[in-house]
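Coordinate inspection notes
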Amino acid sequence: MSSSQAYVPVHTAESRFVTVRGLKHHVFVWGDTARVTPAQPLLVMVHGWMDTSASFQFMVDALRQQPGWADRPIVAIDWRGFGLTDTPQTDSYFFADYLGDLDLLLDELAPGQQIDLLGHSMGGNVVMLYAGVRSERIRRLVNLEGFGMPATEAQEAPDRYVKWLDELKKPVQLKDYATLEEVAKRLQANNPRLRSSFALWLAGHWARKQGERWVINADPAHKRPQPILYRVEEVCAFLKRIQCPVLFVEGAQTLYFMLFNGRFSREEFLERVKLVPDFRLESIDDAGHMLHHDQPEELAVHIANFLETPIT
């Protein structure tokens, strides 16, 4: 794998920084954000755990080929402690902070305007909760593989806090790499469907050169577990309040549910989302959890069709 094989974006993004909640957040911007209209609002995208806003580049290039998308403004956000966004002074990360950051970022990026909102994986879970409390801000919502988590029970809480307290006493770090090519190979090890050209381009955004090594653009503290339980009853209360149309797209070959050893199934997920008033589910073949890398062209068709269909 050599640098000549790296993907070359067709539509390059502009880097901007927006400060909210004491942190300088990095955003990628495609197009002129001053050109939004009520019919074509700003599309805001948020990435998953251990990822960055650059992750959406391939999908953006594919979207630009869809009718009506040649210059539509699009923004992708780096979450706190990821990508080029500031790392807070913290030893742990809490889910509510992502909602807080998103709410204030939208005030800066699209003041007084509705947006279209898209999230992948962890970001998909964030946008579903956000839509449960700020539906008036969202025209339409796209969730890519943000299935949620296994249900927990109250008696698990003490042990969760014990584990968290113990983890706080241990140093945490992420592996570094000798070359950019090694970073790209790591990305392909995580996702064998990832094209070599995509992997090498992504590697330069997923990691940075520090001294003689390449280090991941993520705070190692993200690896620490949260002590707070995932309460399905609370999540369901959010889902019931979502008033915007929701498109959920899954990879037909996703291995997501295998992570939980039977504690969470696709059937459980389908039961939960029955609570969303306007919900549709679509699947993309030959794609896993990183479907925006595996099949960006087909995914772009699903997204464009959903966002362009008139709301009745």
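Check the entry above for the structure.
Computed from a prediction, not measured in an experiment: that's the story for all the values here. (Residues numbered from 1 in each chain as written. Predicted model: local features only at pLDDT ≥ 70, side-chain atom pairs only at ≥ 80, totals over all residues. Heavy atoms only, no water.)

**Comments concerning the overall build of the protein chain**
Secondary structure assignment for the protein chain yields ten helices and ten strands. Here the C-alpha coordinates of the protein chain stretch approximately 50 × 50 × 40 Å along the principal axes. Looking at the protein chain as a whole, 52% of its 312 residues qualify as buried. Taking contacts inside the protein chain between residues at least 6 apart in sequence as the whole, the part at least 24 apart equals 76%. Roughly 14,400 Å² of accessible area belongs to the protein chain as shown, and the carbon and sulfur atoms make up 52% of that amount. Across the protein chain, the centroid of the 33 positively charged side chains sits 2 Å from that of the 40 negatively charged ones. (Helix = DSSP H or I, 4+ residues; strand = E, 2+ residues; numbered from the N terminus. Buried < 20%, exposed > 50% of the residue type's maximum accessible area, 1.4 Å probe, protein only. Contact = heavy atoms within 4.5 Å. Areas by Shrake-Rupley, 256 points an atom, 1.4 Å probe, with all protein chains shown as cover. Lys, Arg positive; Asp, Glu negative; His and termini not counted. Charge placed at Lys NZ, Arg CZ, Asp CG, Glu CD.)

**Notes on the pairing of strand β7 (residues 207-210)**
Bridge count between β7 and strand β8 (residues 213-216): four bridges; the pairing is antiparallel. Following the sheet pairing, Gln210 is matched in β8 by Arg213. Connecting β7 to the next strand, β8, in antiparallel fashion are two residues, including Gly211 with a positive phi near 65°. (Pairing = 2+ DSSP bridges.)

**Remarks on the packing of helix α2 (residues 95-109) against helix α3 (residues 122-133)**
Direction vectors running N to C along α2 and α3 enclose 70°, while the axes themselves pass 10 Å from each other. Considering the angle they form, α2 stands roughly perpendicular to α3. Note that α2 runs across α3; the crossing there is right-handed. Between α2 and α3, the residues in contact are Phe95, Tyr98, Leu99, Leu102, Asp103 and Leu106 and Met122, Asn125, Val126, Leu129 and Tyr130, respectively. (Axes fitted to C-alpha atoms, helices over the stretch in contact; angles between N-to-C directions. Parallel < 35°, antiparallel > 145°, perpendicular 65-115°, else oblique. Left-handed = near helix turned anticlockwise from the far one by under 90°.)

**Things to note about the packing of helix α5 (residues 180-190) against helix α6 (residues 196-206)**
A pair of packed helices can be characterised by two numbers: the angle between their axes and the separation between those axes. It is the contact of α5 with α6, at a shortest axis distance of 8 Å, that shows an interaxial angle of 115°. For the pair α5 and α6, the crossing hand works out as right-handed. On α6, the residues that touch Leu180, Glu181, Val183, Ala184, Arg186, Leu187, Gln188 and Asn190 of α5 are Ser196, Ala199, Leu200, Leu202, Ala203, Gly204 and Trp206.

**Quick word on the pattern of salt bridges**
Under the counting rule described, the total for this entry stands at 18 salt bridges. A salt bridge links Asp97 to Arg80; the nearest nitrogen and oxygen atoms lie 3.9 Å apart. With Asp97 in helix α2 and Arg80 in the loop between β4 (74-77) and α2, this pair connects stretches of sequence that are 17 residues apart. Judged by relative accessible area, which is 8%, Arg80 ranks as buried. Between Arg280 and Asp278 there is a salt bridge, with the nearest N and O atoms lying 2.9 Å from each other. You can call Arg280 partly exposed: its relative accessible area is 31%. (Salt bridge = Lys/Arg side-chain N within 4 Å of Asp/Glu carboxyl O.)

**Description of the environment of Arg64**
Structurally, the position occupied by Arg64 is in the loop between α1 (57-63) and β4. Under the relative-accessibility criterion, Arg64 is labelled buried at 8%. Taking C-alpha positions, Arg64 is 8.1 Å from His11, a pair spaced 53 residues apart along the chain. The contacts of Arg64, once residues within four sequence positions are left out, are His11, Trp30, Gly31, Trp69, Ala70, Asp71, Arg72 and Ile74. Side-chain polar atoms of Arg64 contact the backbone oxygen of Trp30, separated by 3.4 Å. (Polar contact = N/O pair within 3.5 Å; in protein donor to acceptor, adjacent residues only side chain to side chain.)

**As for the packing of aromatic side chains**
The description of an aromatic ring pair uses the distance of the two centres, along with the angle that the planes make with each other. Within this structure, the stated rule accounts for 20 aromatic pairs. The interplanar angle of 85° and the centroid separation of 5.7 Å between the aromatic rings of Phe95 and Tyr98 together place this pair among those described as edge-to-face. You can see Phe95 and its partner Tyr98 sitting in helix α2, three residues apart, about one turn around the helix. Judged by centre distance (6.2 Å) and plane angle (40°), the ring pair of Phe248 and Phe279 falls under tilted. (Phe/Tyr/Trp six-rings, centres within 6.5 Å; stacked < 30°, edge-to-face > 60°.)

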